[in-house]
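Understanding the architecture of this molecule
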Amino acid sequence: MKSKQLLVLAVLVVVLGIASILLLRSEHSSWQAPSAAGTRVLAEFDPNAVARVEIKNKDGSVVLTRREDKWTVEQSSGYPANFERISGLIRRLWDLKSVQEVAAGPSQFAQLELVEPAEGKSDTGTVISLEDASGKRLTALLAGKTHMQAPPGFPGDGYAAGRYVMALDGKNRVVLVSDLFDETRQPAKDWLERDFFRIANPKSITLKGPNREWSLTRENPSEPWKLANGVVPEAGKAGSIVAALGVPSFDDVSADESAFDFSEPDTLTVQTTDGFTYTWTIGKQKDDTYPVKIAINGNFPKERTPAEDEKPEDKEKLDEAFAKEREALEKRLTEEKRFEKWIYRIPATTLSSILVSEKDLQPPTPTQDQTSEKTPEQAPDPTPDTP
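Everything in this summary refers to the structure shown in the same document. The shown structure was predicted, so the numbers you read here are calculated from the model rather than taken from an experiment. (Residues numbered from 1 in each chain as written. Predicted model: local features only at pLDDT ≥ 70, side-chain atom pairs only at ≥ 80, totals over all residues. Heavy atoms only, no water.)

Quick notes on the pairing of strand β11 (residues 213-217)
Our working rule: By definition, two strands form a pair when at least two bridges between them are found by DSSP. Under the scheme used here, helices are H or I runs from DSSP no shorter than 4 residues and strands are E runs no shorter than 2 residues, and both carry numbers assigned from the N terminus.
In the sheet, strand β10 (residues 202-208) pairs with β11 via five bridges, with the strands oriented antiparallel. Looking at the pairing, T206 lines up with S215 of β11. Judged from the two bridges that link them, β11 and strand β12 (residues 226-227) form a sheet pairing that is antiparallel. What sits directly across from L216, in β12, is L227.

Following this line, the structure appears as structure tokens:
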């Protein structure tokens, strides 16, 4: 081979080598795309215009609707939704920025779970759709696979460091973001507003049912609870009942009474010192919860009874304070009566201290050894025998 040909081959090898290096750098650059980091993922939209949020994945969907500035959960019969959680999701979507742009085409979307959910399809993602009051879509995001990251030498898959997402705008632009959007994988009941009424200062608690009946009363908070027969219940039993009623919680809600059995219910009635009466109708246990219907009423004094030694200069102030207190009670009653619309699934653990018999509340019966005392031996007669 001539030296001129060898020189040409050598030049070609160098050129091909440089071209390969440039191509590899180009591919690496297109995968990481550092220039795309920090760019907005979704097009501009007005967060205040959002009136409907739909979260759909392979397990189902959650629909959150805003009516008269109040968010509700459609799957839970329009029960109030957690406003902070919804507003936080909308705000994060509005401010969502990319960490890294990913060079991926339609053939790789299934691998990244960037496929819209459909019946019979696996490896699908979650669609988060935002609409205005007219039903017009403002924006939508397809959230796919969680990105795992492990430091060098770290065993296992590492930790969740982000999620692959794609705006549903027809551009097929795949990016990695730092937000995991964990709440989009949760069921509808996890979006419910958890603020519930509180039963404060009870003065009487009564339970009536087909298999149990008991009543607890006390004159004022400083006195112990007593059963109907005047006996003080076993230590801690009354306190457990009051604690369960003080901060009641629920697992889920429903408006469909036909889904539960209320044929032979237990009825719990609680009267408070400030004039409230709470009535719980408790149905048959279903799974780990009891269905409970709630009725709330109030009976507040309309006029204040002046004290015998009340001074005229104090009357106006006392009357004004009484009117304000009554107004606050009426407002509280109105707010709490909204809870009457639904059936609540209250955990069995919450009602375990309430659904008991009167016998369970009675103090333990003293044993024979505790009640009987030994008869003392008869002392000797000090009088001497008469001869």
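Next comes the rest of the account.
Considerations on the sheet that holds strand β2 (residues 60-67)
Formally: The contact criterion used throughout is that any non-hydrogen atoms of two residues lie within 4.5 Å. Orientation is described by axes fitted as lines to C-alpha atoms, over the contacting stretch for helices, and by angles from 0 to 180 degrees between their N-to-C directions.
Ordered by their spatial adjacency, nine strands build an open sheet running β4-β3-β2-β1-β6-β7-β8-β9-β5, and the pairing between neighbours is antiparallel. Looking at strand neighbours, the two that pair on one side only are β4 (79-80) and β5 (100-102), the edges of this open sheet. In the sheet, strand β1 (residues 52-57) pairs with strand β6 (residues 126-131) via five bridges, with the strands oriented antiparallel. When the sheet's bridge partners are listed, I55 is paired in β6 with I128. In the packing of helix α2 (residues 83-94) onto the sheet, the strands contacted are β1, β2, β3 (70-73), β6 and β7 (137-149), and the crossing angle to β1 comes to about 80 degrees.

A word on the side chain of D266
Keep this limit in mind: Think of a polar contact as two N or O atoms within 3.5 Å of one another; within protein, one of them needs to be a possible hydrogen donor and the other a possible acceptor, and neighboring residues in sequence only count if both atoms come from side chains.
Topologically, D266 is positioned in strand β14 (residues 266-272). At 3.1 Å, the side chain of D266 and the side chain of R212 are in polar contact. Leaving out residues up to four positions away in the same chain, D266 has contacts with L207, K208, G209, P210, R212, W280, T281, I282 and L355.

Read these as spatial facts, not as claims about activity.
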